[in-house]
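The primary structure of each chain is shown beneath.
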Amino acid sequence: MIHPDRRAQLAGNLGRVRARIDEALAATGSASRPTLIVVTKFFPASDVGLLASLGVQDVGENRDQEAAAKAAEASDPRLRWHFIGQLQTNKARSVVAYAHSVHSVDRVSLVNALEKAVAKEQERRAETGEPARTPLECYVQVNLADNPTGSRGGAVPSEVPELATRIDDAGQLRLAGVMAVAPLGADPREAFARLAAISADVVARHPEARAISAGMSGDLEHAIVAGATHLRVGSDVLGARPPLG
Ligand SMILES: *Cc1c(COP(=O)(O)O)cnc(C)c1O
């Protein structure tokens, strides 16, 4: 059912999510506000436009085909598009044309593909006279599950140092930090505490790579306690998505 006043509905939902973030920050005594990335997958570009008019600058998408179409339609230059889903190497060229960041870097072959793709995109922009793009912000996605059934994707923790170094060495990429989704059936507090420890290891070697992308509608408070710098919130802002088939 389409809400008669979608903008008011989104404004109300956003207000409630922002209040939850404020409360969690107050409880932890943390002064730095995480960036709220509103995950717009399954919802139309018109919603992205409404969100932008409500002050949202960061939106997240997990499928290239959908994201590319929406980024073309809702082409507000203030918007930053965050790619947060499993990414095939043959989609890298498309993603770097619109994405500010990729939160789901989970293997060296993808780092190589993204590096080449950004270089090609820069060449294209130089030829057409468009301004160069900023380096692509990359997060190493970490699999925090103890067993395959809980996995939500990502590299296993032992693979993280190599991936971080490979991203840091790539000319067109900027290592932002780490990302994770709390494993299915696990306590998100434990999972995010592990992610914070992995982040500290990464920062010890790459001092600029301080970002921690963690926390969704159901567990954003736990992510804030663990020091999340970027929250990825979908359904609590946009409403329930159709179930995945
Ligand atoms: C869909 C998605 C989210 C948002 O989840 P909600 O529970 O709707 O807030 C966050 N992160 C990733 C990787 C996602 O795919």
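Above this text sits the structure in question.
The structure reproduced in this document is the subject of the present report. (Residues numbered from 1 in each chain as written. Predicted model: local features only at pLDDT ≥ 70, side-chain atom pairs only at ≥ 80, totals over all residues. Heavy atoms only, no water.)

1. Some details on the overall build of the protein chain
The helix and strand tally for the protein chain stands at 9 helices and 8 strands. Taken over the C-alpha trace, the protein chain has a radius of gyration of 18 Å; the compact-globule value for 245 residues is 18 Å, and the two agree within 12%. Projected onto its principal axes, the C-alpha coordinates of the protein chain cover approximately 45 × 45 × 40 Å. Across the 245 residues in the protein chain, those meeting the buried criterion constitute 47%. Look at the contacts in the protein chain between residues 6 or more apart in sequence, and 59% of them connect residues 24 or more apart. If you sum the accessible surface of the protein chain, you get close to 11,800 Å²; carbon and sulfur atoms cover 52% of it. When the 28 positive and 29 negative side-chain charges of the protein chain are each reduced to one mean point, those points stand 2 Å apart. (Helix = DSSP H or I, 4+ residues; strand = E, 2+ residues; numbered from the N terminus. Rg over C-alpha atoms; globule rule 2.2 N^0.38 Å. Buried < 20%, exposed > 50% of the residue type's maximum accessible area, 1.4 Å probe, protein only. Contact = heavy atoms within 4.5 Å. Areas by Shrake-Rupley, 256 points an atom, 1.4 Å probe, with all protein chains shown as cover. Lys, Arg positive; Asp, Glu negative; His and termini not counted. Charge placed at Lys NZ, Arg CZ, Asp CG, Glu CD.)

2. Notes on the nonpolar core
Burial of nonpolar side chains together is a common tendency in soluble globular proteins. In terms of nonpolar packing, the biggest core is built from 68 residues, with Leu114, Leu136, Leu173, Leu231 and Val237 touching the most fellow members. Formed by 5 residues, the second largest nonpolar core is a distinct cluster that contains Tyr139, Ala176, Met179 and Val181. (Core = buried A, V, L, I, M, F, W, Y, C linked by side-chain atoms within 4.5 Å.)

3. With respect to helix 5 (residues 108–128)
With 21 residues, helix 5 should reach 30 Å at 1.5 Å per residue; the first-to-last C-alpha distance of 31 Å fits that figure. Regarding helix 5, the residues found buried are Leu110, Val111, Ala113, Leu114, Ala117, Val118, Glu121, Gln122 and Arg125. Residues of helix 5 that are buried make contact with helix 4 (92–95), strand 4 (99–105), strand 5 (136–141), helix 6 (160–169) and strand 6 (173–179). Glycine 129 occupies a position one or two residues after helix 5 and carries a positive phi of about 80°. (Expected span 1.5 Å × (residues − 1).)

4. Quick word on the site of the ligand
In the vicinity of the ligand, the contacting residues are Val39, Lys41, Ile84, Met179, Val181, Met216, Ser217, Arg232, Val233, Gly234, Ser235 and Arg241. Taking lysine 41, its side chain carries an N or O atom lying 2.7 Å from an oxygen atom of the ligand. Relative to its unbound accessible area of 390 Å², the ligand is 87% covered by the protein chains. Grouping the amino acids of the shell around the ligand by side-chain chemistry returns 6 nonpolar, 3 polar and 3 charged. (Near = heavy atom within 4 Å. Polar contact = N/O pair within 3.5 Å; in protein donor to acceptor, adjacent residues only side chain to side chain. Nonpolar A, V, L, I, M, F, W, Y, C, P; charged D, E, K, R; others polar.)

5. Here we look at unusual backbone geometry
Here the phi dihedral of phenylalanine 42 falls at roughly 75°; this positive angle occurs in a residue that is not glycine. Assignment of secondary structure puts phenylalanine 42 in the loop between strand 1 (35–39) and helix 2 (45–53).

6. Let's talk about the pairing of strand 2 (residues 58–61)
Along strand 2, one buried face is formed by Asp58 and Gly60 and the opposite face, lined by Val59 and Glu61, is buried too. The pairing of strand 1 with strand 2 spans 2 bridges and is parallel. Following the sheet pairing, valine 39 is matched in strand 2 by glycine 60. With helix 2 bridging strand 1 and its parallel neighbour strand 2, the resulting β-α-β unit is right-handed. Alignment of strand 2 against strand 3 (residues 80–83), held across 4 bridges, turns out to be parallel. Following the sheet pairing, valine 59 is matched in strand 3 by tryptophan 81. (Pairing = 2+ DSSP bridges. Right-handed = clockwise from strand over helix to strand, strands pointing away.)

7. Examining the pattern of salt bridges
Within the structure shown, the criterion is met by 18 salt bridges. For arginine 20, the salt bridge goes to aspartate 236, with nearest N and O atoms at 2.7 Å. Here the residue arginine 20 occupies a position in helix 1 (residues 6–28), and aspartate 236 occupies one in helix 9 (residues 235–238), the gap between them amounting to 216 residues. Of the residues examined, aspartate 236 reaches a relative accessible area of 32% and is grouped as partly exposed. Taken together, the shared-partner salt bridges connect Arg93, Glu121, Arg124, Arg125 and Glu130 into one network. (Salt bridge = Lys/Arg side-chain N within 4 Å of Asp/Glu carboxyl O.)

8. Details of the packing of helix 5 against helix 6
As a packed pair, helix 5 and helix 6 sit with axes 10 Å apart at the nearest point and diverge in direction by 10°. Comparing their axes, helix 6 and helix 5 come out roughly parallel. Taking contact as the criterion, the partners of Val108, Val111, Asn112 and Glu115 in helix 5 are, on helix 6, Glu162, Leu163, Arg166 and Ile167. Residues belonging to the contact of helix 5 with helix 6 are distributed by class as follows: 4 nonpolar, 1 polar and 3 charged. (Axes fitted to C-alpha atoms, helices over the stretch in contact; angles between N-to-C directions. Parallel < 35°, antiparallel > 145°, perpendicular 65-115°, else oblique.)

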